[in-house]
Amino acid sequence: MKSVPQISDAEWEVMKVLWAKTPCTANEVIEALEVRTDWKPKTVRTLLNRLAQKQAISYSQENRVYAYFPLVSEDECVKSETQSFLKRIYGGAFKPLLVNFLKEEQLSAEDIKELKNILDDKTK
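First things first, this report covers the structure right here in the doc. Everything numeric here is computed off the predicted structure, so don't read it as measured data.

**A look at unusual backbone geometry**
Here the amide bond leading from Thr 22 into Pro 23 is cis, since omega sits at -5 degrees, within 30 degrees of zero. For Pro 23, the position within the fold is in the loop between helix 1 (9-20) and strand 1 (24-25).

Next up, the structure:
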């Protein structure tokens, strides 16, 4: 897996917009985020600039309009964040995470069946 930049919670919100529809102009990102945040346009532009500096996104320019697009996939970012969380909280060990999750979550019969299938596939 290639190196994935560390992305803040606010930057994740911007990335979600770009993963859903790409390329996007800054104004399109601002419009998409104004529905679920109270961020000012300047805040969104700052986040876009940070993501570009981190090489999580890039842009093309036509006249004075910038069209932004992701350089890393959502899947790559999720995997990277999962590994980071696992290392930070559980010292890299998956079993304690799974045990804690199973004790705390209400699982449907469907969820349990799916988990069993995943574990069965792992032993093959």
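Structure shown, so let's carry the discussion forward.
**Structural notes on the pairing of strand 2 (residues 57-62)**
Along a regular strand, successive side chains alternate from one face of the sheet to the other. Sheet topology places strand 2 next to strand 3 (residues 65-70); 6 bridges connect them, and they run antiparallel. Bridge assignment links Glu 62 to a residue of strand 3, and that residue is Val 65. Counting the residues between successive antiparallel strands, the hairpin from strand 2 to strand 3 contains 2 residues, one of them, Asn 63, with a positive phi of roughly 60 degrees.

**Brief notes about the pairing of strand 3**
Pairing analysis gives 2 bridges linking strand 1 to strand 3, with the strands arranged antiparallel. Paired with Cys 24 across the strands is Tyr 68, a residue of strand 3.

**Concerning the pattern of salt bridges**
Tallied over the entire structure, the rule returns 5 salt bridges. With a closest N to O distance of 3.2 Å, Arg 36 and Glu 13 form a salt bridge. You can see Arg 36 sitting in the loop between helix 2 (26-34) and helix 3 (41-53) and its partner Glu 13 sitting in helix 1, a full 23 residues away along the chain. By relative accessible area, which is 47% here, Arg 36 ends up partly exposed. Overlapping salt bridges bring together Glu 13, Lys 16 and Arg 36 as one network.

**A short note on the nonpolar core**
Val 14, Met 15, Leu 18, Val 29 and Leu 48 are the most contacted members of the largest nonpolar core, which has 22 residues in total. Mapped onto this core, the elements with two or more residues apiece are helix 1, helix 2 and helix 3. In terms of residues, this core owes the most to one element, helix 1, which gives 6 residues. What Val 29 contacts, discounting residues up to four positions off in sequence, is Val 14, Val 17, Leu 18, Cys 24 and Val 44.

**Description of the packing of helix 2 against helix 3**
Direction vectors running N to C along helix 2 and helix 3 enclose 120 degrees, while the axes themselves pass 10 Å from each other. When the axis of helix 2 is compared with that of helix 3, the two are oblique. Handedness of the helix 2/helix 3 crossing: right-handed. Packed against helix 2, whose contacting residues are Ala 26, Asn 27, Val 29, Ile 30 and Leu 33, the element helix 3 presents Pro 41, Val 44, Arg 45 and Leu 48 at the interface. Classifying every residue of the contact of helix 2 with helix 3 by side-chain character gives 7 nonpolar, 1 polar and 1 charged.

**Quick look at the packing of aromatic side chains**
Going through the model one piece at a time under the given rule, you end up with 5 aromatic pairs. On the numbers, 5.1 Å between centres and 70 degrees between planes, the contact of Tyr 59 with Tyr 66 is edge-to-face. Among the aromatic side chains, those forming a connected cluster through ring pairs are Tyr 59, Tyr 66 and Tyr 68.

Rules used throughout
Residues numbered from 1 in each chain as written. Predicted model: local features only at pLDDT ≥ 70, side-chain atom pairs only at ≥ 80, totals over all residues. Heavy atoms only, no water. Helix = DSSP H or I, 4+ residues; strand = E, 2+ residues; numbered from the N terminus. Pairing = 2+ DSSP bridges. Salt bridge = Lys/Arg side-chain N within 4 Å of Asp/Glu carboxyl O. Buried < 20%, exposed > 50% of the residue type's maximum accessible area, 1.4 Å probe, protein only. Core = buried A, V, L, I, M, F, W, Y, C linked by side-chain atoms within 4.5 Å. Contact = heavy atoms within 4.5 Å. Axes fitted to C-alpha atoms, helices over the stretch in contact; angles between N-to-C directions. Parallel < 35°, antiparallel > 145°, perpendicular 65-115°, else oblique. Left-handed = near helix turned anticlockwise from the far one by under 90°. Nonpolar A, V, L, I, M, F, W, Y, C, P; charged D, E, K, R; others polar. Phe/Tyr/Trp six-rings, centres within 6.5 Å; stacked < 30°, edge-to-face > 60°.

So far we have only geometry, and geometry alone does not tell us how the molecule works.
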